[in-house]
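Structural features, examined
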Amino acid sequence: MLSCVRIATVRQMAQMITEKESDGRSYVRRAMVELDALGLAETNGKDGKHQIWNLTPAGQKALADGNELPPRPKAGTGAKAVRAGFGPHAVAVTDTILAYTDTILRGRREYLTDWQVEVNHAIKEAGLSFNADAVLAVPTKTSEVRLFELDNGTMSRAHLAKEVWDYERYAGHRVWEGARGTIGGTYPFWQRHRYTRSETFPRLHVVLAGKAEHLLDNRLQALTAAVKGITIAVWANTLPRLQRGEPWYEIGVDDPHRRRSRYPEPVGR
């Protein structure tokens, strides 16, 4: 679990490995102390009163050597993020992953290995680079992908809206292809270089957390107005509602034809 989500508290790890109506926190706490003694896990900060745990580089290597998970050579441990003060945000991302797995994926914990966090999306030519807080790649025939952006109540409303629009800029970027002297053609950058098996640009899920629920509702309404007319599929929810299994709000619809008209075609060679 720590290799996938990078950062978690004892409460979150117990939620993942124990049955409903059970409390496995004592067991998890003892296990983490043992891993700490072996140099495989460590704690670098707290979320309130709760210690935040992450694997050490030695812990990640032990998993890789045992072929327990798909190799992720560039994945960090999360320790730097906690020490830099981003622990509460990372804990909320883990809560989002657990809630989505428990509700939408109906508790199928084997899907946990299909999550990645802090996934970079960059297009150098467009001067665009951002990190999706989490990406889920469900192992189906179509390799269904879902993108997740979490606001823990720390961003301004304008900044949050800009982050959502960045996904549309990413989806709208096209690349020219063709031999020199030929007519050639263009294709979406994401479809060739990132999500090659997806027929449509992956749906973006925006999750709001970190404030009282009525304030989250206000932020949701403001975000809905700020992204009106966006041409990618955007669903939004608050973390409390997601944890209760309540439905998402659709605030953006995928429209590749309108998206293509909105962004300039690349110039051929």
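Going by the structure above, here's the rest.
None of these values were measured; they are calculated from a predicted model.

**So, the side chain of Asp-133**
Residue position: Asp-133 is located in strand β5 (residues 128-137). One buried charged residue, Asp-133, remains without a salt bridge, the closest side chain of opposite sign being Arg-6 at 9.9 Å. For Asp-133, the side chain forms a polar contact with the main-chain nitrogen of Leu-150, separated by 2.7 Å. The residues contacting Asp-133, other than those within four sequence positions of it, are His-89, Val-93, Gln-116, Val-117, Glu-118, Phe-148, Glu-149 and Leu-150.

**What about the packing of aromatic side chains?**
Tallying each qualifying case throughout the model produces nine aromatic pairs. Residues Trp-115 and Phe-148 carry aromatic rings whose centres are separated by 5.0 Å and whose planes lie at 50° to one another, so their mutual orientation is tilted. Placement of the pair is Trp-115 in strand β4 (residues 115-123) and Phe-148 in strand β6 (residues 145-151), with a sequence separation of 33 residues. No difference in accessibility class separates Trp-115 from Phe-148, as the two residues are buried.

**Here's the deal with the pattern of salt bridges**
Once their charged atoms are close, side chains differing in charge can pair, the charge on each being opposite to the other. Here the structure, examined in full by the defined rule, presents 17 salt bridges. In this structure, the salt-bridge partner of Lys-61 is Asp-65, at a minimum N-O distance of 2.8 Å. Highlighted residues: Lys-61 and Asp-65, both in helix α4 (residues 57-65), separated by four residues, approximately one helical turn. Summarising the burial analysis for this pair, Lys-61 and Asp-65 share the class exposed. Glu-246 is the partner of Arg-244 in a salt bridge, and the nearest nitrogen-oxygen pair spans 2.7 Å. Of the residues examined, Arg-244 reaches a relative accessible area of 48% and is grouped as partly exposed. Through salt bridges with shared partners, one network takes in Glu-213, Asp-217, Arg-241, Arg-244 and Glu-246.

**Quick word on the sheet that holds β6**
Spatially, the six strands line up as an open sheet ordered β4-β5-β6-β9-β10-β11, and their pairing is mixed. A single partner strand is all that each edge strand has here, and the edge strands are β4 and β11 (249-252). Geometrically, the sheet is characterised by an average inter-axis angle of 35° between neighbouring strands, direction not taken into account. As paired elements, strand β9 (residues 203-208) and strand β10 (residues 234-238) share five bridges and run parallel to each other. Note on β10: the bridge partner recorded for Leu-204 is Val-234. Lying on the sheet, helix α5 (residues 79-103) is in contact with β4, β5, β6 and β9; it crosses β6 at an angle near 140°. On top of the sheet, helix α6 (residues 157-172) reaches β4, β5, β6, β9 and β10; it is set at about 85° to β5, its chief contact.

**Focus on the environment of Pro-188**
With respect to the secondary-structure elements, Pro-188 resides in strand β8 (residues 185-188). Between the C-alpha atoms of Pro-188 and His-173, which are 15 residues apart in sequence, the distance is 6.0 Å. Residue contacts for Pro-188: discarding those within four places in its chain leaves His-173 and Arg-174.

**Side note on the packing of helix α2 (residues 10-17) against helix α3 (residues 25-37)**
At their nearest, the axes of α2 and α3 sit 9 Å apart, and the two run at 115° to each other. Considering how the two elements wind past one another, α2 and α3 form a crossing that is right-handed. Only Arg-25, Tyr-27, Val-28, Arg-29 and Met-32 of α3 make contact with α2, whose side of the interface consists of Val-10, Arg-11, Met-13, Ala-14 and Ile-17. Class assignment of the residues belonging to the contact of α2 with α3 gives a composition of seven nonpolar, no polar and three charged.

**Regarding the sheet that holds strand β3 (residues 50-55)**
With antiparallel pairing, three strands are arranged side by side in an open sheet as β1-β3-β2. The open sheet has two edge strands with one neighbour each: β1 (8-9) and β2 (41-47). Relative to β3, β1 is paired through two bridges, and the arrangement is antiparallel. When the bridges of β3 are listed, Thr-9 appears paired with Ile-52. With respect to the sheet, α5 is in contact with β1, β2 and β3, its orientation differing from that of β2 by roughly 75°.

**Some points on unusual backbone geometry**
Even without being glycine, Arg-6 reaches a positive phi, approximately 75°. Inspection of the secondary structure puts Arg-6 in the loop between α1 (2-5) and β1. For Arg-106, which is not a glycine, the phi torsion comes out positive at approximately 60°. By the secondary structure assignment, Arg-106 is in the loop between α5 and β4. Residue classification places Arg-106 among the exposed positions, given a relative accessible area of 74%.

Conventions used here
Residues numbered from 1 in each chain as written. Predicted model: local features only at pLDDT ≥ 70, side-chain atom pairs only at ≥ 80, totals over all residues. Heavy atoms only, no water. Helix = DSSP H or I, 4+ residues; strand = E, 2+ residues; numbered from the N terminus. Buried < 20%, exposed > 50% of the residue type's maximum accessible area, 1.4 Å probe, protein only. Lys, Arg positive; Asp, Glu negative; His and termini not counted. Salt bridge = Lys/Arg side-chain N within 4 Å of Asp/Glu carboxyl O. Polar contact = N/O pair within 3.5 Å; in protein donor to acceptor, adjacent residues only side chain to side chain. Contact = heavy atoms within 4.5 Å. Phe/Tyr/Trp six-rings, centres within 6.5 Å; stacked < 30°, edge-to-face > 60°. Pairing = 2+ DSSP bridges. Axes fitted to C-alpha atoms, helices over the stretch in contact; angles between N-to-C directions. Left-handed = near helix turned anticlockwise from the far one by under 90°. Nonpolar A, V, L, I, M, F, W, Y, C, P; charged D, E, K, R; others polar.

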